[in-house]
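Summary of structural features
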Amino acid sequence: MLSFRQLVCFILSLLSFISVFYSVGKLGVFLATPVQRDFKHVLLNNFLDDQALLKATLFSLCFNSIWIVLFVIQHSAMKADLVKSIWRKLGLEMAERSVYNIASAYCLLILLKNWKTTQSYQLWHVDVQSSPALWWTFVSAHIVSWVVIYGGSLLMDLPELVGLKQIYYDVNDLAPPMSYKSRELRSFYARLRHPSFVGLSVVLWITNSMSLDRLLLAIIWSTYMYLSWNTNKTDLEYQKYQLSRKKVELTNVQE
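All figures in this text were calculated on a predicted structure; none of them were measured in a lab. (Residues numbered from 1 in each chain as written. Predicted model: local features only at pLDDT ≥ 70, side-chain atom pairs only at ≥ 80, totals over all residues. Heavy atoms only, no water.)

**Re the overall build of the chain**
- The secondary structure content of the chain amounts to 12 helices and two strands.
- Ordered by position in the sequence, the α and β elements of the chain form the string α-α-α-α-α-β-α-α-α-α-α-β-α-α.
- Across its three principal directions, the C-alpha atoms of the chain cover 65 × 50 × 35 Å.
- The buried share among the 255 residues of the chain stands at 40%.
- Long-range contacts, defined as pairs at least 24 residues apart, comprise 80% of the intrachain contacts of the chain with a sequence gap of at least 6. (Helix = DSSP H or I, 4+ residues; strand = E, 2+ residues; numbered from the N terminus. Buried < 20%, exposed > 50% of the residue type's maximum accessible area, 1.4 Å probe, protein only. Contact = heavy atoms within 4.5 Å.)

See the structure below:
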């Protein structure tokens, strides 16, 4: 029989699971959908000479920056040691990951709902509407990248990442799942909690139309990832060792 605390945390973990997959799905569609632009304001000199267009573009970029920064602040602040200690004092440590995911998901949904697309200068534009091959090239790059991201999430323990495993362990009177992982793996997770830097970079930068708003999003999120993912040589050696172990295990299975 679940206690009231466990029941609440279980509901939060389910909401976390649903929110994460829904918001990431919306993000995937937002980033992968090829864009058909009006070429009226493609040239840079048209953009700079039209003061009304320039002001509208700057307003859109500033407005979008608010939601991007909100997501970045939430993503970092809720992982601070101070916040984690508060959860521990409240005896709700197992709900920390679920609440973090829910907050991240809704910050992302707010960003997508309020996003303003700039109708001005573009760094590049590839017309994919008239070429099915080009259309599928861009879409396939995103599909492959999301498959890599999802596969990396499975390898990094997806149930623990979305907050479900913590509840299961608590209900069964087990220690938090992270305590069962090796010291090297815990150290690695502390510096890298997302599955694929390359995959996320591809979905941000591979687009048929790099408008200024898309460029703003790609620059800020790429910079944030680069600064946050501070893996070192020890982490690299750990991954090499684990890879060699997997190869040996697979070889023994085949024999």
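**Thoughts on the packing of helix 3 (residues 51-77) against helix 11 (residues 212-228)**
- Remark: helix 3 packs on helix 11, axes separated minimally by 10 Å, with the N-to-C direction vectors making an angle of 25°. For the element pair helix 3 / helix 11, the angle class is roughly parallel. By crossing handedness, the relation of helix 3 to helix 11 is classed as right-handed. Along the contact surface, helix 3 presents Thr 57, Leu 61, Asn 64, Ser 65, Ile 68, Phe 71, Val 72, His 75 and Ser 76, while helix 11 presents Leu 212, Asp 213, Leu 216, Leu 217, Ile 220, Trp 221 and Tyr 224.
- Partitioning the contact of helix 3 with helix 11 into residue classes produces 10 nonpolar, five polar and one charged. (Axes fitted to C-alpha atoms, helices over the stretch in contact; angles between N-to-C directions. Parallel < 35°, antiparallel > 145°, perpendicular 65-115°, else oblique. Left-handed = near helix turned anticlockwise from the far one by under 90°. Nonpolar A, V, L, I, M, F, W, Y, C, P; charged D, E, K, R; others polar.)

**Description of the nonpolar core**
- Within the largest apolar cluster, 32 residues are counted, with the highest numbers of intra-cluster contacts made by Leu 27, Ile 68, Leu 111, Leu 204, Leu 217 and Trp 221.
- Broken down by element, this core gets its largest block of residues, seven residues, from helix 11.
- Once you skip the residues sitting within four places of it in the chain, Leu 217 turns out to touch Phe 30, Leu 31, Ile 68, Trp 115 and Leu 204. (Core = buried A, V, L, I, M, F, W, Y, C linked by side-chain atoms within 4.5 Å.)

**Some thoughts on helix 8 (residues 164-171)**
- Those residues of helix 8 not exposed but buried are Gln 166, Ile 167 and Tyr 169. Viewed end-on, helix 8 has its buried residues packed into an arc of 165°, placing them on one side of the element.
- Buried residues along helix 8 sit in contact with helix 1 (4-32), helix 5 (96-114) and helix 7 (158-162).
- Remark: Asp 173 follows helix 8 within two positions and exhibits a positive phi of approximately 55°. (Arc of directions from axis to C-beta.)

As far as function goes, none of this settles anything; it's purely spatial.
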